[in-house]
Amino acid sequence: MTKKLAKKGNKGFTLVEILIVIAIIGILALVIVPNASKSIERSKVTSLISDYRTIKSAALTYFSDMDEWPEDGAGKVGFVTAPDGASGKWMGPYIEKWPESNEWNGEIIYNCKEGTLFGTDSVEERYLTLTKIPKSVYNRLVEELGSDFVVKDDDTDTTVHLLISRD
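Summary of the structure given here. (Residues numbered from 1 in each chain as written. Predicted model: local features only at pLDDT ≥ 70, side-chain atom pairs only at ≥ 80, totals over all residues. Heavy atoms only, no water.)

## Some words on a negative patch on the surface
Put simply, the rule is: Like charges within 9 Å and nonpolar side chains (Val, Leu, Ile, Met, Phe, Trp, Tyr) within 5 Å are joined into patches, using only residues over 30% in relative accessible area that form no salt bridge. Per-residue and other accessible areas were derived by the Shrake-Rupley procedure at a 1.4 Å probe size, with only the shown protein chains allowed to occlude residues. Salt bridges are defined by distance alone: a side-chain nitrogen of Lys or Arg within 4 Å of a carboxyl oxygen of Asp or Glu. Residues scored as positive are Lys and Arg, those scored as negative are Asp and Glu, and His as well as the terminal groups of each chain are ignored. Working definition for charges: the position is that of NZ of Lys, CZ of Arg, CG of Asp or CD of Glu. When a residue's accessible area, from a 1.4 Å probe over protein chains only, is under 20% of the maximum for its type it is buried; when over 50% it is exposed; and in between it is partly exposed.
On the surface, Glu68, Glu71, Asp72 and Asp84 cluster together into a patch of negative charge. Classification of Glu68 as partly exposed rests on a relative accessible area of 43%.

What follows is the structure, encoded as structure tokens:
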């Protein structure tokens, strides 16, 4: 019986061949996975910056039409739907849809407050507050937008503010 098997030939892989293939796949995975995760984070940051610029443009257009800024905490109301008492000035919607969350499942909140978040004097500032932002993303936002437009909350490492305008 062993003679019959020897005549047919051995068509299987040896253990050494299988281990070599597994080692090659492991090496490729070590090279590909970190680059893929960096690409994913870059695309998330790009999407976040795009949302910021869209909301900033919408706020500026709202101000141009209404002669006032959207109210603090505005989101859908003001940007997507008309606020109470718009009296025909409102020409929106200024954005198609308010983003419900950022790429890290944190909130995107429009703020219009008097404060010194982006400067030393007490003036009215309009900015977006983003929650659950990783430190690496904060650093990328500073690189992309500049330190004058990005501030990290002192109370937490995960809350970031992006300036829209200040008086």
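Back to the text.
## Side note on the packing of aromatic side chains
Rule in force here: Centre distance within 6.5 Å is the pairing criterion for rings of Phe, Tyr and Trp, where only the six-membered ring of Trp is used; planes under 30 degrees apart are then read as stacked, over 60 as edge-to-face, and the remainder as tilted. Counting as a charge over the ring demands two things of the Lys NZ or Arg CZ atom: a distance within 6 Å of the ring centre and an angle within 35 degrees of the ring normal.
For the structure on display, the rule yields 6 aromatic pairs. Relative to Tyr94, the ring of Trp90 has its centre 5.6 Å away and its plane inclined at 85 degrees; by these criteria the two rings are edge-to-face. Of the residues examined, Tyr94 reaches a relative accessible area of 14% and is grouped as buried. Between Phe118 and Tyr127 the ring centres are 5.8 Å apart and the planes differ by 55 degrees, which places this aromatic pair in the tilted class. You'll find Phe118 and Tyr127 in the same group, each marked buried. Here the aromatic residues Tyr62, Trp90 and Tyr94 are joined through ring pairs into a cluster of three or more. Over the aromatic face of Tyr138 sits the side chain of Lys152, whose NZ or CZ is 5.1 Å from the ring centroid.

## What about the nonpolar core?
So the rule is basically this: Residues grouped as a nonpolar core are buried Ala, Val, Leu, Ile, Met, Phe, Trp, Tyr and Cys residues, joined through side-chain atoms within 4.5 Å. Secondary structure elements follow DSSP: runs of H or I no shorter than four residues count as helices, runs of E no shorter than two count as strands, and numbering proceeds from the N terminus.
Judged by nonpolar contacts, the single largest core of 32 residues is most densely connected at Ile55, Phe79, Trp98, Tyr110, Leu128, Leu141 and Leu162. Broken down by secondary-structure element, the contributors of at least two residues to this core are α2 (15-66), β2 (108-115), β3 (123-130), α4 (135-145) and β5 (160-166). If one sorts the elements of this core by residue count, α2 sits on top with 9 residues.

## Examining the sheet that holds strand β4 (residues 150-152)
One key point about sheets: their strands pair by backbone hydrogen bonds, in either a parallel or an antiparallel sense. The line we're drawing: For two strands to be treated as a pair, DSSP must find no fewer than two bridges joining them. For helices, the fitted axis covers only the stretch in contact; all axes are lines through C-alpha atoms, and the angles between them, taken along N-to-C directions, range from 0 to 180 degrees. Whether two residues are in contact is decided by their heavy atoms, any of which lying within 4.5 Å being enough.
What the 4 strands build is an open sheet, ordered β2-β3-β5-β4; its pairing is antiparallel. Both outer strands of the open sheet, β2 and β4, are each paired with one neighbouring strand and no more. Strand-to-strand, the axes of this sheet are offset by a mean angle of 35 degrees, without reference to chain direction. Relative to β3, β2 is paired through 8 bridges, and the arrangement is antiparallel. Within the sheet, the bridge partner assigned to Glu114 lies in β3 and is Glu124. The strands that α2 touches are β2, β3 and β5; relative to β5, the one it contacts most, it runs at about 30 degrees. Sitting on the sheet, α4 is in contact with β4 and β5, with an inclination near 155 degrees to β4.

## Focus on α4
So the rule is basically this: In this description, the arc belongs to the directions extending from the helix axis to the C-beta atoms.
When we look at burial in α4, the residues that qualify are Val137, Tyr138, Leu141 and Leu145. End-on, the buried residues of α4 take up no more than an arc of 105 degrees, which puts them together on one face. Across α4 from its buried face, at more than 90 degrees, point the exposed residues Lys135 and Glu143. Buried residues belonging to α4 abut α2, β4 and β5.

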